[in-house]
Amino acid sequence: QVQLVESGGGLVQPGGSLRLSCAASGFRFSSYAMSWYRQAPGKGRELVARITRAGDSTNYADSVKGRFTISRDNAKNTVYLQMNNLKPEDTAVYYCNLVMPPVYWGQGTQVTVSS
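These notes cover the structure that comes with them. The numbers attached to residues start from 1 for each chain and follow its sequence in the written order. Residues qualify for local features only when their pLDDT is at least 70, as the model is predicted, and side-chain atom pairs are given and counted only at 80 or more; totals for whole chains, interfaces and linings, by contrast, use all residues. Hydrogens and waters are ignored; side-chain quantities use all the structure's heavy atoms.

1. A look at the side chain of Arg72
Here a helix means four or more residues in a row that DSSP labels H or I, a strand means two or more in a row labelled E, and each is numbered from the N terminus. For Arg72, the position within the fold is in strand β7 (residues 68–73). Here the term buried applies to any residue with accessible area under 20% of the maximum for its type, exposed to any over 50%, and partly exposed to those in between, with areas from a 1.4 Å probe on protein chains only. In this count, Lys and Arg are taken as positive residues and Asp and Glu as negative ones, while His and the chain termini are left out. When a carboxyl oxygen of Asp or Glu lies within 4 Å of a side-chain nitrogen of Lys or Arg, that pair is called a salt bridge. Buried Arg72, no salt bridge; nearest opposite-charge side chain is Asp56, N-O distance 8.2 Å. The definition of a polar contact used here is a pair of N or O atoms within 3.5 Å, where within protein one atom must be able to donate a hydrogen and the other to accept one, and adjacent residues in sequence count solely through side-chain atom pairs. Among the polar contacts made by the side chain of Arg72, one reaches the main-chain carbonyl oxygen of Thr52 at a distance of 2.9 Å. Separated by 3.4 Å, the side chain of Arg72 and the backbone oxygen of Arg53 make a polar contact. Throughout, a residue-residue contact means that at least one pair of heavy atoms, one from each residue, lies within 4.5 Å. Residues contacting Arg72, with those up to four places away along its chain left out, are Phe29, Ser30, Tyr32, Ala33, Met34, Ile51, Thr52, Arg53, Gly55, Thr78, Val79 and Tyr80.

2. Overview of the nonpolar core
By nonpolar core is meant a set of buried Ala, Val, Leu, Ile, Met, Phe, Trp, Tyr and Cys residues that side-chain atoms within 4.5 Å join together. Ranked by size, the top nonpolar core spans 29 residues in total, and within it Leu4, Met34, Trp36, Val79, Leu81, Met83 and Tyr94 carry the most contacts. Every element with two or more residues in this core is listed here: β3 (18–25), β4 (34–39), β5 (45–51), β7, β8 (78–83), β9 (92–99) and β11 (109–113). Not counting chain neighbours up to four residues away, the residues in contact with Leu4 comprise Cys22, Ala23, Ala24, Phe27, Met34, Cys96, Asn97, Leu98, Tyr104, Trp105, Gly106 and Gln107.

3. Details of the sheet that holds β8
Spatial strand order, β1-β3-β8-β7: four strands in an open sheet with antiparallel pairing. The strands lining the two open edges of the sheet, one partner per strand, are β1 (3–7) and β7. This sheet shows a mean twist of 15 degrees between the axes of neighbouring strands, independent of strand direction. A pair of strands is labelled paired if DSSP reports no fewer than 2 bridges between them. Pairing analysis gives six bridges linking β3 to β8, with the strands arranged antiparallel. Its bridge partner lying in β8, Ala23 is registered against Thr78. Where helices are involved, their axes are fitted lines through C-alpha atoms of the stretch in contact, as for all axes, and angles between N-to-C directions lie from 0 to 180°.

4. Section: the environment of Leu86
On the secondary structure map, Leu86 appears in the loop between β8 and β9. A residue is classified by how much of its surface remains accessible, and Leu86, at 1% relative accessible area, is buried. Residues Leu86 and Val111 lie 25 residues apart in sequence; the distance between their C-alpha atoms is 9.8 Å. Leaving out residues up to four positions away in the same chain, Leu86 has contacts with Val12, Pro14, Gly15, Gly16, Ser17, Leu18, Arg67, Phe68 and Val113.

5. Description of unusual backbone geometry
Put simply, Met100 and Pro101 share a cis peptide bond, and its omega is 0 degrees. A cis amide bond links Pro101 with the next residue in sequence, Pro102, at an omega value of 5 degrees. Relative to the helices and strands, Pro102 is located in the loop between β9 and β10 (103–105). Even without being a glycine, Asn77 presents a positive backbone phi close to 55 degrees. Inspection of the secondary structure puts Asn77 in the loop between β7 and β8. With a phi close to 50 degrees, Asn85 is a non-glycine residue in the positive phi region. By the element assignment, Asn85 lies in the loop between β8 and β9.

Have a look at this one:
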């Protein structure tokens, strides 16, 4: 069955960096686009970044452009989110997303940006 397992979250000071990973299994990873979403307390889930199946095209939310980079390693069945210059408003649970359909979500990883 499809599994998406996120890791790499944590507590970081403003201006710091984190790299999230999403290890995928149970499907042909290289055949699907992948996305990262986030959900802040009291808010809805929002798209952060998306990458095509070959990794040749990416899209970002305006709020993270120039600070976050999505990438993937199809040999390792893993998608990454490099987050630089983190801000308190980036605090959220970050989720890995796959749309076949159906839609699959990971369990999420908490990112907290605070001094």
